[in-house]
Amino acid sequence: QVQLVESGGGLVQPGGSLRLSCAASRNILSFNVLGWYRQAPGKQRELVAAITSGGSTDYPDSVKGRFTISRDNGKNTVYLQMNSLKPEDTANYYCNARMTGWITYDYWGQGTQVTVSS
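What you see is a predicted model, and the numbers here were worked out from it, not measured in a lab.

*Asks:* I'd like to hear about the sheet that holds strand 7 (residues 67–72), residue by residue, with values.
*Replies:* What the four strands build is an open sheet, ordered 1-3-8-7; its pairing is antiparallel. Of all strands in the sheet, those with a lone pairing partner are strand 1 (4–7) and strand 7, marking the two edges. Within the sheet, the average angular offset between the axes of one strand and its neighbour, ignoring direction, is 15 degrees. In the sheet, strand 3 (residues 18–24) pairs with strand 8 (residues 77–82) via six bridges, with the strands oriented antiparallel. Paired with S21 across the strands is Y79, a residue of strand 8.

If you want it as C-alpha cells, here you go:
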C-alpha cells in the first residue's frame with residue numbers, strides 16, 4: 001500500500017510564496033518520476049512540475065522560473081516551492097508518484113488547496 005500525503009497549502013496573497021510537501025510511505029527512489037499536478041474547478045488536471053529518477057526537471061511555461069520541485073530521499077518527501085504566486089495558481093495541488101515498467105502506474109495524494117487572493 002502506497003500512501004502520498006500532501007501538506008502546506010493555504011491562503012496567500014499575490015506575490016507570496018508557499019512550499020508544499022508530499023510525504024511518501026515508502027522509499028521515493030522506487031518511483032521513476034515524481035511530480036505535482038494541479039486542478040482548478042472546471043478545469044483539467046495539469047502538470048506543474050516533475051522530477052525524474054535521474055534528477056531532470058520539467059515545468060510548463062506557466063510556472064517556469066517561479067516553481068521548483070525538489071526531493072529529500074532520506075525523508076521520502078517531495079517538495080514544491082512556489083514563489084511569485086498569482087491568482088491563476090489557485091487550485092488543488094496533487095502529489096504524483098509514477099512507476100514505469102510493463103505499463104505506467106500513477107499513485108496520487110489526496111490534494112492540498114492553494115488559494116492566491118488579496
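*Asks:* Could you give an account of the state of the cysteines, naming the residues involved and the relevant values?
*Replies:* Among covalent bonds in proteins, the disulfide is the one between the sulfur atoms of two cysteines. Evaluation of the coordinates by the stated rule reveals one disulfide. One disulfide in the model links C22 with C95; its S-S distance is 2.0 Å. Negative torsions about the S-S bond denote left-handed disulfides, and the value of about -80 degrees found for C22 with C95 makes this one left-handed. Of the two residues, C22 sits in strand 3 while C95 sits in strand 9 (residues 91–100), which places them 73 residues apart along the sequence. Side by side, C22 and C95 carry an identical accessibility label, which is buried.

*Asks:* Residues and numbers for the pattern of salt bridges, please.
*Replies:* According to the stated counting rule, one finds five salt bridges in the structure shown. Between R66 and D89 there is a salt bridge, and its shortest N-O distance comes to 2.8 Å. Note that R66 is positioned in the loop between strand 6 (57–58) and strand 7 and D89 in the loop between strand 8 and strand 9, a separation of 23 residues in sequence. In this structure, R66 and D89 share a single accessibility class: buried. Among the ionic pairs, D106 bridges to R98, the shortest N-O distance being 2.7 Å. Judged by its relative accessible area of 23%, D106 is partly exposed.

*Asks:* Got a sec to walk through unusual backbone geometry? Specific residues and values, please.
*Replies:* Its identity is not glycine, yet N76 carries a phi of approximately 50 degrees, on the positive side. Looking at the element boundaries, N76 is found in the loop between strand 7 and strand 8. Backbone geometry at S84 places phi at a positive 50 degrees, although glycine is not the residue there. Assignment of secondary structure puts S84 in the loop between strand 8 and strand 9.

Definitions and cut-offs
- Residues numbered from 1 in each chain as written.
- Predicted model: local features only at pLDDT ≥ 70, side-chain atom pairs only at ≥ 80, totals over all residues.
- Heavy atoms only, no water.
- Pairing = 2+ DSSP bridges.
- Helix = DSSP H or I, 4+ residues; strand = E, 2+ residues; numbered from the N terminus.
- Axes fitted to C-alpha atoms, helices over the stretch in contact; angles between N-to-C directions.
- Disulfide = S-S within 2.5 Å.
- Buried < 20%, exposed > 50% of the residue type's maximum accessible area, 1.4 Å probe, protein only.
- Salt bridge = Lys/Arg side-chain N within 4 Å of Asp/Glu carboxyl O.

Read these as spatial facts, not as claims about activity.
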